[in-house]
Every structure is written in C-alpha cells, then in structure tokens.
Amino acid sequence: MHPFRIPGSFALMLATLVFASAVSAQTSERLLANGMKVIVIEDHRAPTVAHMAWYRAGSIDEVNGKTGVAHVLEHLMFKGTKAVGPGEFSRQVAALGGRENAFTSRDYTGYYQQLHKSHLAKVMELESDRMTNLELTAEEFSREIKVVMEERRLRTEDQASSLVYEQLMAAAFIASPVRSPVVGWMNDLQSMRVEDTREWYRNWYAPNNALLVVAGDVDPKQVFDLADKTYGRVPSRALPARKPQIEPAQRGVRRLRIKAPAENPSVLMGFRVPKLEAVDASDDAYALELLSAVLDLDENGRLTRSVVRGSRVANRAGAGYDMVARGPVLFLLSGTPAQGKSTEDVEAALRGEIARIARDGVGEDELRRVKAQYVASRVYKRDSVFGQAMEAAGLEISGFSHADADAILERIRKVNARQIQDVAGRYFDEDSLTVVTLDPQPLPKDANAGKATLRTRH
Amino acid sequence: MLAIATFVAALWPSLASAVLPIEHWKTAAGARVYFVHAPSIPMLDISIGLDAGGRYDPVGKEGLASMTNAMLAKGAGDLDESAMAERFAMVGAEHGGGAGDDRASVTLRTLSSPAELETAVSTLQLMLTRPSFPQTVLKREKERAVQGLREAQAKPGNIARRAFNQALYGAHPYGRDSTPASVEAVGREDLVAFWRDNYTASRAVVAMIGAITREQAAQIAERLTANLPAGSAPPAVPEVARIEQGREQRIEHPSTQSHILIGLPAIAWGDSDQFALLVGNYVLGGGGFVSRLYDEVREKRGLAYSVYSYFSPSLQPGPFTIGLQTAREQTGTALQVVRDTLERFLTAGPTEQELAAAKANLVGGFALRIDSNRKILDYLSLIGFYGLPLDYLDRWPERVSAVTMQQVQEAFKRHVRPQALSTIVVGDGKAPGK
C-alpha cells in the first residue's frame with residue numbers, strides 16, 4: 001500500500017535540480033452559470049485529450065438498504081438517453097477512436113473518455129446529455145444488476161483480502177456511511193429496484209454537483225465555450241441535504257476474526273486518525289502522511305526493512321493513509337506472517353514500528369529520501385494527461401482546489417522529524433484501533449489435484 | 001528539400017519514423033538501442049529488454065528467469081539491497097522489471113537533471129553488470145515467493161490460467177508455471193548461471209525516451225551494456241506443437257463464480273495475419289464495450305462482468321484466449337452463449353458495419369497509443385525485442401485500414417480452429433455444461 005501522493009510544482013524542486021524547460025502544466029478554471037466547475041489542464045505534447053465528468057456522489061451518500069446504488073447508476077449511465085439508445089453512447093465513442101470507462105468510489109462517481117482532440121465537442125455533447133436525459137428502464141436495470149452482482153463476486157466474494165477490508169471498514173465505522181462497501185452489500189443489490197436508481201439520479205446528477213476536467217492538447221477558451229454550449233444548458237437543481245453522520249469517537253479496541261477461503265493468515269489494522277480538513281489546518285494530517293511514507297513509501301520503508309527483511313516476522317507488510325477524503329479516514333497497517341510466525345506477532349511488530357518512531361523519531365536521511373520521491377513523482381505525473389486530470393478532480397471533489405496541490409506539497413516538504421514523532425505518539429492508542437484477522441480456510445485437499453474431468457471436445 | 005532530407009538522414013543514420021522520430025543504433029557490445037528525444041518533461045525512461053525469459057527455465061526450476069530478474073536489485077557490487085534501494089529513492093528514481101515467457105526487462109524512470117540522472121543510471125548499471133545474488137536474501141525471497149504461490153494456487157482465476165497453459169502447451173516452456181517445488185529447487189548458482197548466460201548485450205535491447213540528447217543516450221547505452229556478461233548460446237526451445245484436438249477440463253472449486261478460459265496456441269510475432277486478427281478480434285471480443293462477446297454475454301444476459309477475447313503473439317505461437325467469470329449456476333448457460341457467439345463469428349465473420357467500426361476505432365484511436373513517454377517506451381521495447389521494422393508505428397494505421405473482410409475470415413479460419421480449442425472451467429466442476 002502506498003500513501004496518497006500529493007503533487008507539487010516546479011518552483012519547489014530540490015535545490016540541485018536545474019531544468020532546461022520549466023514549463024509546468026497550465027491549468028485554468030471557470031464556473032458555469034449553473035454551478036458546474038470546469039477545469040482545463042493543457043498538455044500539448046500529443047493531439048489527444050482526456051475528458052472527465054465527476055459527480056460529488058459516492059457510497060458515502062448512500063443509505064442503509066440501498067448501498068451500491070451509486071455504482072449501479074454508474075453502470076446504467078451507459079444504457080441510453082432519450083436521444084441516444086442503450087449501448088449507443090459506447091458505440092459512438094468507439095467510432096470516434098475513443099477509450100472510455102467510469103468508476104465509483106466512496107466520495108465520487110466519474111466518467112471519462114480519452115480520444116483525439118478533434119472529437120472533444122462530441123463527447124461533451126454526449127456526456128452532458130446523459131447528465132440530464134438518462135432513461136432508466138426496469139428492463140435494462142434487471143440485466144445490469146446481474147452484472148453488478150458478478151462484479152461483486154469477482155472482486156469481493158471470491159477474494160479473501162477484499163472480504164477482510166470490507167469487514168474492517170464495517171467494524172471501524174459504526175455511524176458513517178463509509179462503512180458500507182462501494183459495490184454494496186449483496187442483499188441490497190438483490191433487493192434493489194430501478195426506482196432506487198431513479199431516485200439517486202434525480203438527487204445527485206445536477207451540474208451544480210458536478211465537475212468537468214479536460215486535459216490535453218486543448219485551448220481553454222474553446223473548452224469553456226463548448227462547456228457553456230453543452231453542460232451550460234443543463235439547469236441546476238437543489239440538492240438533498242447531506243446529513244453529516246459524524247462517526248462518534250471510538251471507545252475501545254475492536255477485534256474481529258473472519259474465515260474465508262485462503263491459504264495464508266493475514267492481519268489488517270485501522271486506526272482512526274484525522275484527515276486533511278483544510279490546506280492550512282493543523283499539521284497532523286501532513287505528519288501522518290509522512291509517517292505513512294516513512295513506513296512504506298519505498299523498499300527501504302521501516303516496515304519492509306525491519307519487519308520483512310530484518311526480523312522476518314512478516315512476508316508482506318504495508319501501511320496506507322489517504323489524507324484527502326470527504327469522510328472519515330483510517331491509517332492502515334497490514335501484514336502476512338512469515339513461516340513460524342503468527343498474526344499476533346505481525347500485529348505486535350507493526351505496532352512496534354510506530355511505537356519506535358514515537359520513542360525515537362525518524363532520521364533526517366529518511367525524511368530526505370521520502371520527500372525526494374514526492375517531488376520526483378510530481379514530475380513523472382506530467383507524463384500522464386489522465387493522471388493529472390484524476391488528481392485535479394480528486395482534490396476538487398473533496399472540497400479543495402486543484403491549485404492547492406502546490407501548497408499541499410509545500411506543507412509536506414516542511415514536515416519535520418519532531419512532528420512525525422509527535423503524531424506517532426498521539427494517534428496509535430489501542431482505543432482507536434480495529435483489527436481484522438483472516439483465519440484461512442484452505443481448499444479441500446482434492447480440489448486442485450483430483451476432481452478434474454478431462455474430456456476431449458467433439 | 002531533397003538535399004536537406006538527405007543531410008538529416010546522414011546526420012542521424014536511422015531516423016526512421018515520421019510518426020515518431022526513433023533513432024536506432026548498436027552499442028559497441030552489440031546491444032540494439034532505440035531512442036526518442038522528448039524534451040518537454042525533465043525525465044528519462046529506460047527499458048532494457050533481455051532474451052532471458054521463462055522459456056529458458058529448466059524443467060523443475062520454473063521461475064528461475066523471474067527470480068534472477070527480481071534478485072538483480074537485491075545486491076550488486078559492494079552495495080546490499082538497502083543501499084541500492086536508498087540510492088534510487090534518494091534521487092526519486094523508480095526501477096522495475098520482470099520476466100515473461102520470452103522477455104525479461106529492467107526498467108528505470110529518473111529525473112534528467114545531471115546529478116539525479118548519474119546516480120540512477122550508475123546504480124542501474126551496477127544491477128545489470130555486477131549483481132551479487134546474496135544467499136540470505138535469496139532464501140528469504142524464496143520463502144515469500146512460495147507463500148505467494150500457495151495463496152495464488154488457491155484462487156480460481158489462477159488455477160484456470162495454469163490449467164489453460166498446460167492444456168495448450170503441455171510440456172513446452174510456455175505451458176510450465178512455477179510451483180513451490182520448482183522455486184525451492186532454484187539455488188544461487190542457478191541464478192548466477194542464468195544471468196551469465198542470458199543477460200548479454202548481443203541479445204539485449206535498450207529503449208529510451210526522455211529529455212536527453214542523442215549523445216547522452218549513446219553514452220548511457222554504452223555504460224549499461226559494456227560490461228554485461230559474454231553470454232552463451234541459449235538452450236534450444238522446441239516448437240509449439242500444433243493442436244488438432246483440444247480438451248475440456250473442469251476443476252471443482254468452492255468459489256461463487258466459475259472462471260472460464262477457452263483457447264489455443266495461435267500466433268507468433270511477424271505473422272502476416274496479425275492485423276487481420278487484430279481487426280477481427282476487436283469485433284469478437286476486444287472492442288471494450290462494443291464487442292460481440294460483451295453484447296451477448298454481458299449486455300443481453302447479464303452473465304458476466306468481465307468477458308473478453310484477445311491474441312497474445314509471442315516469439316512462438318502465443319494463445320488466443322476467450323475469458324469470463326460467471327455465477328457457478330450459470331456456467332452451462334454462459335459456456336453455450338460463448339460457444340454460439342464464437343461459432344457464428346467463425347462461420348460468417350464480421351458484418352461490413354462491424355468491420356468499418358473496428359477500423360474506425362483502431363485507426364481513430366491510434367494517437368492514444370503514443371501520447372505519453374511511458375506508452376512510447378513500451379512500443380520501443382516491443383519493436384526492439386521482436387525485431388519489428390522501425391516504421392511499424394508509421395505503417396500501423398494503414399495496415400489496419402487495409403484489412404479486408406476476406407482476410408479476417410481466412411485468418412480466423414487458419415488460427416482459431418474450433419476442434420483445437422481447449423476449455424477450462426474452474427468452479428462448477430461437475431459434468432457437462434452443454
């Protein structure tokens with residue numbers, strides 16, 4: 001697991017770096033009259049463009065009994081509008097040489113196409129059409145809900161590590177909707193109806209709840225004009241009130257064991273920690289980000305070095321922390337025991353690494369090493385138009401500005417050893433901890449070897 | 001104009017491509033270099049392709065190629081794995097690699113500023129030319145690999161893939177996968193020998209793209225390849241046997257879904273049918289949300305989330321694969337739909353409309369294949385390793401456009417012979433699904 005990496009800007013490069021060409025990506029923004037924000041990121045290296053429409057609606061906005069609806073609606077967005085029949089959206093995008101997909105997370109639902117820049121107007125027309133004219137029929141729903149159930153089976157039901165994570169979230173959070181899986185509980189999918197998806201679409205698919213990011217070989221003024229003519233024509237709508245559903249403080253450790261088909265035991269831990277509330281808020285989130293980096297940003301992270309290589313308690317160990325999110329977050333630690341070791345040993349070793357940092361701090365070399373990667377990573381990100389678009393959108397959807405990226409990187413670079421030591425001491429008490437242990441259920445011995453029917457086809 | 005063109009051609013001997021100006025030369029040690037100058041972003045990507053793939057794994061030591069590759073970064077010269085990792089990370093460099101059946105690679109992404117570049121490249125050079133293969137690290141990595149294999153071997157997708165490889169290739173190297181036993185059997189001396197025999201300049205390709213000059217690229221390529229081992233002639237790899245009669249294998253597994261793979265050994269790089277198969281496969285199961293398999297299996301019937309078909313050309317005929325996963329009680333139905341869809345396609349081929357749509361997407365989307373340094377690097381590596389012509393990318397759109405209906409049908413008849421298809425089902429292992 002790697003912590004979320006925040007991008008930075010050229011002005012903040014390490015002192016030793018000298019650049020022949022100092023052009024960083026030019027980014028412009030405009031707010032349409034209907035409340036939709038449009039961001040344009042220029043990259044003129046190749047005549048292609050990434051076009052993304054994001055909605056500030058994800059599983060965090062769902063209610064019990066209807067979990068998974070955000071993701072189901074994402075699937076149904078491909079099933080036709082008044083003007084464009086089922087499947088026709090994809091056929092048109094394909095005919096233009098485009099690549100497309102969509103994704104749903106806790107915080108947002110996003111739709112994108114990548115294609116030659118000359119076709120941008122068309123996809124803006126198509127995307128803005130399905131923002132407001134989607135036709136949700138019982139027939140299409142009844143087929144697509146089966147697809148979503150297959151997706152849940154593929155990604156979660158038959159994957160022990162996914163089940164472990166799902167259980168962790170559900171146990172670590174009692175009140176917050178982040179406790180529910182994005183794909184939804186299976187029974188909620190089985191009892192979902194097309195009316196639920198219509199409700200979701202009506203509630204959240206409005207331009208004032210959406211964000212457009214266009215990145216590539218484009219002229220911002222032209223993009224803004226096109227946006228006005230397409231998305232700009234969709235009327236804004238009042239959004240439902242979002243209940244805060246603040247997660248109450250955790251009052252003690254939570255421990256679960258789950259059984260699932262697997263060969264090896266593992267352990268996954270989540271500590272309740274703060275997220276980044278505002279760019280200039282307290283330093284804790286930035287220090288936690290650096291703590292995660294010191295633990296597991298690279299091969300010389302503390303976890304790999306001490307727990308996997310050094311003491312050989314674990315064969316795999318990782319840490320993770322997402323600073324930017326709409327809802328509450330966890331600081332994650334995970335590991336798979338090495339031969340002769342137990343999950344209890346791994347838990348102790350991982351928590352021991354944090355305790356060691358709380359006691360002894362971190363070295364200046366370590367800090368320099370991880371910070372160098374944040375800075376370099378910012379440069380590398382410029383090679384991906386898609387990556388830059390995702391990054392900008394991710395910041396915006398969580399209440400930040402894409403332009404905060406520079407300031408965030410600057411704050412990260414300013415984090416010092418004392419601050420990391422401080423958060424390591426304050427936030428990792430057992431009372432804030434949820435632990436899920438996987439009790440592996442190996443396959444019956446003859447499953448692999450014996451019961452195979454070999455037959456020739458006729 | 002002609003005079004200028006000639007001058008340019010003389011200055012850079014192999015400035016071949018109009019789409020992408022690929023410069024090409026050989027290092028003193030005989031490694032082939034492919035370079036594209038890309039000044040906009042101050043970074044450099046390097047990928048070294050070695051003729052050191054899993055097809056050379058001795059019987060009983062499957063995984064040797066992979067392990068040799070992975071162990072390069074675990075100690076070289078006087079540096080232990082920590083010191084090496086520190087060197088890369090301190091300058092923000094990212095290294096990677098891996099070994100497939102044909103090819104092993106060692107990759108580097110680095111900033112192009114002088115000090116960072118120097119540290120990254122010199123550490124890469126050390127990895128390639130003086131790996132130490134420390135015994136204690138090997139022991140640890142073997143333990144980790146074995147644990148990972150045991151876990152993977154319990155998963156239906158992985159079980160299906162292994163069975164599929166075996167059904168198609170039998171004892172041929174393409175069909176052999178690593179196991180806990182084969183990994184345990186690999187010793188340090190095997191790694192040393194494998195590296196010494198195969199990590200050699202005469203069989204290596206250096207691909208580079210970034211904000212460096214041709215001269216810098218030449219220097220880097222020389223440094224990386226000058227002290228590689230002399231190498232020895234690789235073991236002969238038998239030819240992939242042509243299958244006349246495929247087989248069906250059903251393996252019981254408690255998963256909620258059945259994982260299904262259908263296919264046969266189909267095509268090698270350089271086959272004249274390559275483009276006809278590419279275009280045809282787009283229609284059948286390669287075209288994302290618009291293929292026949294997607295339509296029949298997912299859109300119309302909701303039987304699967306993921307359903308696809310593709311060709312994997314290799315040095316020898318690599319597989320044609322159809323894959324999907326479906327709730328176990330739907331196994332029989334899904335199999336029937338896939339078989340019917342394939343049969344209809346093989347019998348009647350695509351429609352004119354489908355053929356035109358396939359070309360529109362492939363040609364219209366060509367720019368997306370080369371719109372980042374990373375994507376270009378991958379093409380340079382491919383062109384270099386498989387000996388594709390330098391104008392491969394230049395000619396790609398026109399070759400797609402030129403494919404005819406007849407060519408598609410004939411190519412599929414030649415390469416996707418129904419009798420020769422094997423079917424693997426992991427999940428619902430019970431008897432006939434038809």
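The rules behind these values
Residues numbered from 1 in each chain as written. Chains lettered and ligands numbered in written order. Predicted model: local features only at pLDDT ≥ 70, side-chain atom pairs only at ≥ 80, totals over all residues. Heavy atoms only, no water. Helix = DSSP H or I, 4+ residues; strand = E, 2+ residues; numbered from the N terminus. Rg over C-alpha atoms; globule rule 2.2 N^0.38 Å. Buried < 20%, exposed > 50% of the residue type's maximum accessible area, 1.4 Å probe, protein only. Contact = heavy atoms within 4.5 Å. Lys, Arg positive; Asp, Glu negative; His and termini not counted. Charge placed at Lys NZ, Arg CZ, Asp CG, Glu CD. pLDDT = per-residue confidence, 0-100. Salt bridge = Lys/Arg side-chain N within 4 Å of Asp/Glu carboxyl O. Polar contact = N/O pair within 3.5 Å; in protein donor to acceptor, adjacent residues only side chain to side chain. Nonpolar A, V, L, I, M, F, W, Y, C, P; charged D, E, K, R; others polar. Axes fitted to C-alpha atoms, helices over the stretch in contact; angles between N-to-C directions. Parallel < 35°, antiparallel > 145°, perpendicular 65-115°, else oblique. Phe/Tyr/Trp six-rings, centres within 6.5 Å; stacked < 30°, edge-to-face > 60°. Lys NZ or Arg CZ within 6 Å of the ring centre and 35° of its normal. Pairing = 2+ DSSP bridges.

Asks: Describe the overall build of chain A, with residues and values.
Replies: Assigned secondary structure in chain A consists of 16 helices and 12 strands. Taken over the C-alpha trace, chain A has a radius of gyration of 24 Å; the compact-globule value for 458 residues is 23 Å, and the two agree within 12%. For the C-alpha atoms alone, the extent of chain A along its principal axes is close to 65 × 65 × 50 Å. In chain A, which comprises 458 residues, the proportion classed as buried is 60%. Within chain A, counting contacts between residues at least 6 apart in sequence, those at least 24 apart form 82% of the total. Counting 61 positive and 60 negative side-chain charges, chain A places the centres of these two groups 2 Å from one another.

Asks: Please provide a residue-by-residue account of the confidence of the model for chain A, values included.
Replies: Residue and element names in this part refer to chain A. Summarising the model, chain A shows a mean pLDDT of 92, and 91% of its residues fall at 70 or more. Scored below 50 in pLDDT, residues 1-23 makes 73 contacts in the model with residues more than four places away or belonging to other chains. Within the model, pLDDT remains below 50 along residues 448-453, and this stretch shows 13 contacts once partners closer than five positions in the same chain are excluded.

Asks: Run through the interface of chain A and chain B, naming residues and quoting values.
Replies: Across the contact, 74 residues belong to chain A and 80 residues belong to chain B. Run the count over chain A and chain B and you get 6 salt bridges. Our count for the contact surface shared by chain A and chain B stands at 36 residue pairs in polar contact (both at pLDDT 80 or more). By residue number, the principal contributor to the side of chain A that touches chain B is helix 4 (residues 138-157) of chain A, which donates 10 residues. For the side of chain A that touches chain B, the residue count by class is 24 nonpolar, 20 polar and 30 charged.

Asks: Could you give me a rundown of helix 1 (residues 69-76) of chain A, with the residues and numbers involved?
Replies: Most of helix 1 of chain A is tucked away, with 8 of its 8 residues classed as buried. If you follow the buried residues of helix 1 of chain A, they end up packed against strand 4 (99-104), strand 5 (109-116), helix 4, helix 6 (186-190) and helix 7 (194-204) of chain A together with helix 11 (292-299) of chain B.

Asks: Got a sec to walk through the environment of Ala372 of chain A? Specific residues and values, please.
Replies: Residues and elements named next belong to chain A. When you line up the elements, Ala372 lands in helix 12 (residues 364-381). We classify Ala372 as buried; its relative accessible area is 5%. When the C-alpha atoms of Ala372 and Arg152 are compared, they prove to be 39 Å apart, with 220 residues separating the residues in sequence.

Asks: Please provide a residue-by-residue account of the packing of helix 12 (residues 331-348) of chain B against helix 16 (residues 405-415) of chain B, values included.
Replies: All names here are of chain B. Running from N to C, helix 12 and helix 16 cross one another at 125°; their axes reach a closest spacing of 8 Å. Judged by the angle between their axes, helix 12 and helix 16 are oblique. Every residue of helix 16 that contacts helix 12 at Phe345, Leu346, Thr347 and Ala348 is listed here: Val408, Gln409, Phe412 and Lys413. Each residue belonging to the contact of helix 12 with helix 16 can be placed in one class, and the counts come to 5 nonpolar, 2 polar and 1 charged.

Asks: Kindly report on the packing of aromatic side chains, identifying the contributing residues and their values.
Replies: One pass over the full model with this rule turns up 28 aromatic pairs over all chains. A ring pair is formed by Tyr112 of chain A and Phe386 of chain A, whose centres lie 4.7 Å apart and whose planes are at 70°; its orientation type is edge-to-face. Taken as a pair, Tyr112 of chain A in strand 5 and Phe386 of chain A in helix 13 (residues 385-397) lie far apart in primary sequence, 274 residues in all. What makes Tyr112 of chain A buried here is its relative accessible area of 14%. For Phe386 of chain A, a relative accessible area of 24% corresponds to the partly exposed category. Counting every residue linked through ring pairs, the aromatic cluster contains Trp54, Phe103, Tyr108, Tyr112 and Phe386 of chain A. The ring of Phe78 of chain A carries Arg130 of chain A above its face, with NZ or CZ at 4.5 Å from the centroid. One Lys or Arg, Arg214 of chain B, reaches over the ring of Trp25 of chain B and ends 3.8 Å from the middle of that ring.

Asks: Any chance you could break down the pattern of salt bridges for me, citing the residues and the numbers?
Replies: Side chains that differ in charge, positive against negative, can pair when their charged atoms come close. Residues and elements named next belong to chain B. All told, the structure shown has 71 salt bridges over all chains when counted by the stated rule. One salt bridge connects Arg223 with Glu118, and the closest N-O pair in it is separated by 2.9 Å. Remark: Glu118 occurs in helix 4 (residues 114-129) and Arg223 occurs in helix 9 (residues 214-226); sequence separation between them is 105 residues. Between Glu252 and Arg328 there is a salt bridge, with the nearest N and O atoms lying 2.7 Å from each other. Highlighted residues: Glu252 in strand 9 (residues 247-252) and Arg328 in the loop between strand 12 (318-327) and helix 12, separated in sequence by 76 residues. The class for Glu252 is partly exposed, based on a relative accessible area of 22%.

Asks: Any chance you could break down unusual backbone geometry for me, citing the residues and the numbers?
Replies: Backbone geometry at Gln245 of chain A places phi at a positive 45°, although glycine is not the residue there. With respect to the secondary-structure elements, Gln245 of chain A resides in the loop between helix 8 (220-229) and strand 7 (254-261). Residues other than glycine seldom take positive phi values, yet Phe133 of chain B does so here, at roughly 45°. With respect to the helices, strands and loops of the structure, Phe133 of chain B is situated in the loop between helix 4 and helix 5 (135-152).

Asks: Quick rundown of the sheet that holds strand 10 (residues 329-337) of chain A? Include the residues and the values.
Replies: The strand order across the open sheet formed by 5 strands is 7-11-8-10-9 (chain A), and the pairing between neighbours is mixed. Both outer strands of the open sheet, strand 7 and strand 9 (314-321) of chain A, are each paired with one neighbouring strand and no more. Between one strand and the next, the sheet's axes are offset by a mean angle of 15°, whatever the strand orientation. Two elements, strand 7 of chain A and strand 11 (residues 433-441) of chain A, share 8 bridges in a ladder whose sense is parallel. By the bridge assignment, Ala260 of chain A is partnered in strand 11 of chain A with Pro440 of chain A. Docked against the sheet, helix 9 (residues 284-296) of chain A engages strand 8 (266-273), strand 9 and strand 10 of chain A, running at close to 160° with respect to strand 9 of chain A. Strands strand 9 and strand 10 of chain A of the sheet are contacted by helix 5 of chain B, whose axis makes an angle of about 75° with strand 9 of chain A.

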